Amino acid sequence: MVYFAGLVGLLLILTAEARVGNSSESSFCTESRECLLYDLVCKNDDYEVRHYDSVKWVSTDEECYFMDKAMYTAFGRLFKYITGSNEAGVNIDMTAPVTVKIEEKKKMWASSVFTISFLLPSDYQMTPPQPTDEKVYFTETPDMKVYVRSYGGWMMSLASSVNSMLLKRQLDNVQATYNKDYHYAVGYDSPMKILNRHNEVWYMVEGEPVCPTSS
């Protein structure tokens, strides 16, 4: 029984490392030791479909009119958590990507609640230290498939909105089904990186993914 329990524990650790892994396995994770890894389901000229395993994040919410302001405040809050503002007082490696969960606005000038998340590294996927800030908490994304559109430059409100609109148009053109209540803005680079920046928009797949080879 002890052997079996140890084997289960080892498998859990290996699973965590498999989904949050070495950044060398990704072409656009260039500044962190570990990155969120995925399986490519299909790809065309407009977008790709990826499969992600379930992973844990450290998250915080910020209500604001614009994503840029929300990110500035929330990023600082999460950065404090990984630099020692946790119950264990430990420093935690920064990973990639950073995600922003964005509600699909029903009114043009209404404020939104943005959920900003840092991916927890493999060492802390199972038992992360508790936050000392009550506004910081843990989330877990499910095993999921996502539609992904990639773009360069800076992940600002306007660029994110334009690319989410383009991805929605492409998905609607092929009659793909996806969650229309929210999407993710996804960034891989620090503010210090100037060239070859990589950002993404994610929509959650519903049903079977649609990925025609030509569009």
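As named in an unreviewed UniProt entry, the protein is Heme-binding protein 1, taken from Hucho hucho. According to the UniProt record, the Subcellular location (unreviewed entry) comment for the protein reads "Cytoplasm". Of the comments in the UniProt record for the protein, the one headed Sequence similarities (unreviewed entry) reads "Belongs to the HEBP family."

Turning next to the overall build of the protein. Counting its secondary structure elements, the protein contains three helices and 11 strands. Going from N to C terminus, the protein has its helices and strands arranged as α-β-β-β-β-β-α-β-β-β-β-α-β-β. When the accessible surface of the protein is summed, it comes to about 11,700 Å², and 56% of that surface belongs to carbon and sulfur atoms.

Quick look at the environment of serine 111 now. Along the chain, serine 111 falls in the loop between β6 (98-103) and β7 (112-119). Take serine 111: its relative accessible area is 29%, and that puts it in the partly exposed class. A distance of 2.9 Å separates the side chain of serine 111 from the side chain of glutamate 63, its partner in a polar contact.

Here we come to the sheet that holds strand β5 (residues 55-64). In spatial order, the strands read β3-β4-β9-β11-β10-β6-β7-β5-β8; together these nine strands make up an open sheet with antiparallel pairing. Looking at which strands have only one partner, the edges of the open sheet turn out to be β3 (39-43) and β8 (136-141). Sheet twist, expressed as the average angle between the axes of neighbouring strands with direction ignored, equals 30°. Pairing of β5 with β7 involves eight bridges; the strand directions are antiparallel. Bridged to cysteine 64 within β7 is serine 112. Those strands touched by helix α2 (residues 67-82) are β5, β6, β7, β8 and β10 (182-187), and its axis lies near 135° from that of β5. Along the sheet, helix α3 (residues 157-173) makes contact with β6, β9 (144-151), β10 and β11 (199-204), crossing β9 at roughly 125°.

Rules used in this analysis
Residues numbered from 1 in each chain as written. Predicted model: local features only at pLDDT ≥ 70, side-chain atom pairs only at ≥ 80, totals over all residues. Heavy atoms only, no water. UniProt positions renumbered as here; feature names shortened; annotations may be inferred. Helix = DSSP H or I, 4+ residues; strand = E, 2+ residues; numbered from the N terminus. Areas by Shrake-Rupley, 256 points an atom, 1.4 Å probe, with all protein chains shown as cover. Buried < 20%, exposed > 50% of the residue type's maximum accessible area, 1.4 Å probe, protein only. Polar contact = N/O pair within 3.5 Å; in protein donor to acceptor, adjacent residues only side chain to side chain. Pairing = 2+ DSSP bridges. Axes fitted to C-alpha atoms, helices over the stretch in contact; angles between N-to-C directions. Contact = heavy atoms within 4.5 Å.

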